[in-house]
Amino acid sequence: MEYSKDLSIVISLYNEEDSLEELVRWIHSSLDNSGLSFEIIMTDDGSTDGSWKVISRLASEDKCIRGISFRRNYGKSAALFCGFRAAEGRVVVTMDADLQDSPEEIPEMYRMVVEDGWDIVSGWKQHRQDNKLTKNLPSKLYNATARKITGLKLHDMNCGLKAYKNEVVKSIEVYGEMHRYIPYLAKNAGYCRITEKPVHHQKRKYGKSKFGVNRFVNGFLDLLSLWFLSTFGKKPMHFFGFTGLVTFFLGGVITLWVIIEKLIQQAHYQVFRPVTEQPLFYLALVCLILGAQMFLTGFLGEMISRSNSDRNSYNIREEI
């Protein structure tokens, strides 16, 4: 496939007017002598400062710059999705606009994709320049959990500096808050050659971070959602049906136990409690109801999945 550029640099930003001009100069100083043709795609995610005015001015002065502006703040995933859709380069690089990611890492990441054949090269901020209590420690815990669930041995899943083959970003859909898990989305789409590269990380020079500690909680919940959808999205009966049958069976066993115990006590003329006064009776009732509901949920999910127009959408590598 022919590409109009060697490199597309996709930058999602929100209220970063102070850093944009310096960032563009830094990108040019890092790439102008590399021999690579490149474009810079800046997606303004509904900034309330003068970010779009700065982008407009820079685009009028620099033919490498393309700008996309949202009417309101939709989130980083939406900004990256639109940037990916517009990217025309053979390799697509994402980076943040806060000057913490170094453009000097881009030529080597490009080489790793083109020459070494990696589908994704993810940055690894070995020495983070953030607050250790609010950023570093939660980040380590978050990344350890992400490695366990996704099976990807990446130390820094959420690093903004990444390089992709163009076909990778065109084959996945980034939505919600799933920008954190683009490597996992790519893996599920069949792009399994994923590696990482240690990158230089700098302190924020202008403004303040747009993300708080709550992003780790939300990120963990998004990770569980993504894992569940990728595992059972097209076979919901395997989860809900199986769980429902096990729960229903457990309720049935408890019910039989309660009834048999009562009959034995009656046969031996022993004092016994009525079935409806025993806690096990209500536990059995709950299990039977939940089991039936979960089985029906799986059945309905299976019907919806089979009627989905994407049920036979597959990512084909090539045809001969």
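Refer to the preceding data block for the structure.
Residues numbered from 1 in each chain as written. Predicted model: local features only at pLDDT ≥ 70, side-chain atom pairs only at ≥ 80, totals over all residues. Heavy atoms only, no water.

Peer 1: Mind laying out the packing of aromatic side chains, listing which residues take part and the relevant values?
Peer 2: Summed over all chains, the structure comprises 4 aromatic pairs. Measuring from ring centre to ring centre gives 5.3 Å for F70 and Y74, while their planes differ by 90°; the resulting arrangement is edge-to-face. Look at F70 and you get buried, because its relative accessible area is 13%. When the centroid spacing of 5.9 Å and the interplanar angle of 70° are considered together, the rings of F84 and Y164 count as edge-to-face. Of the two residues, F84 is situated in helix 3 (residues 76-86) and Y164 in strand 6 (residues 162-165); the sequence distance between them amounts to 80 residues. Both residues of the pair, F84 and Y164, belong to the buried class. Positioned above the aromatic ring of W118 is the side chain of R193, whose terminal nitrogen or guanidinium carbon lies 4.5 Å from the ring centre. (Phe/Tyr/Trp six-rings, centres within 6.5 Å; stacked < 30°, edge-to-face > 60°. Buried < 20%, exposed > 50% of the residue type's maximum accessible area, 1.4 Å probe, protein only. Helix = DSSP H or I, 4+ residues; strand = E, 2+ residues; numbered from the N terminus. Lys NZ or Arg CZ within 6 Å of the ring centre and 35° of its normal.)

Peer 1: Describe the nonpolar core, naming the residues involved and giving the relevant values.
Peer 2: Across soluble globular proteins, nonpolar side chains have a tendency to be buried as a group. Formed by 34 residues in total, the largest nonpolar core has its most connected members in L7, I9, I11 and I27. Those elements giving two or more residues to this core turn out to be strand 1 (5-13), helix 1 (17-31), strand 2 (38-44), helix 2 (51-61), strand 4 (89-96) and helix 4 (106-114). Among the elements that make up this core, the one with the highest residue count is helix 1 (6 residues). Discounting residues that sit within four places of it in the chain, I9 has contacts with I27, L31, F38, E39, I40, I41, V93, M95 and I106. (Core = buried A, V, L, I, M, F, W, Y, C linked by side-chain atoms within 4.5 Å. Contact = heavy atoms within 4.5 Å.)

Peer 1: Help me get a handle on the sheet that holds strand 1, residues and values and all.
Peer 2: Consider a sheet: its strands pair through backbone hydrogen bonds, and that pairing is either parallel or antiparallel. As summarised here, the arrangement of the 7 strands in space is 3-2-1-4-6-5-7, forming an open sheet in which the pairing is mixed. The sheet is open, and its two edges are formed by strand 3 (65-69) and strand 7 (194-198), each paired on a single side. Direction aside, the axes of adjacent strands within the sheet are offset by 20° on average. Bridge count for strand 1 against strand 4 is 7 bridges, and the pairing is parallel. (Pairing = 2+ DSSP bridges. Axes fitted to C-alpha atoms, helices over the stretch in contact; angles between N-to-C directions.)

Peer 1: How would you summarise the environment of G291 if you had to cite specific residues and measurements?
Peer 2: As for its placement among the helices and strands, G291 is situated in helix 10 (residues 279-306). The class for G291 is buried, based on a relative accessible area of 1%. Between the C-alpha atom of G291 and that of F249, which follows or precedes it by 42 residues, the distance is 8.0 Å. Leaving out residues up to four positions away in the same chain, G291 has contacts with G244, T247 and F248.

Peer 1: Describe the pairing of strand 1, and please don't skip the residues or the numbers.
Peer 2: In terms of burial, strand 1 is largely enclosed, as 7 of its 9 residues are buried. Alignment of strand 1 against strand 2, held across 7 bridges, turns out to be parallel. Of the residues in strand 2, the one forming a bridge with S12 is T43. Handedness of the crossover joining strand 1 and strand 2 through helix 1: right-handed. (Right-handed = clockwise from strand over helix to strand, strands pointing away.)

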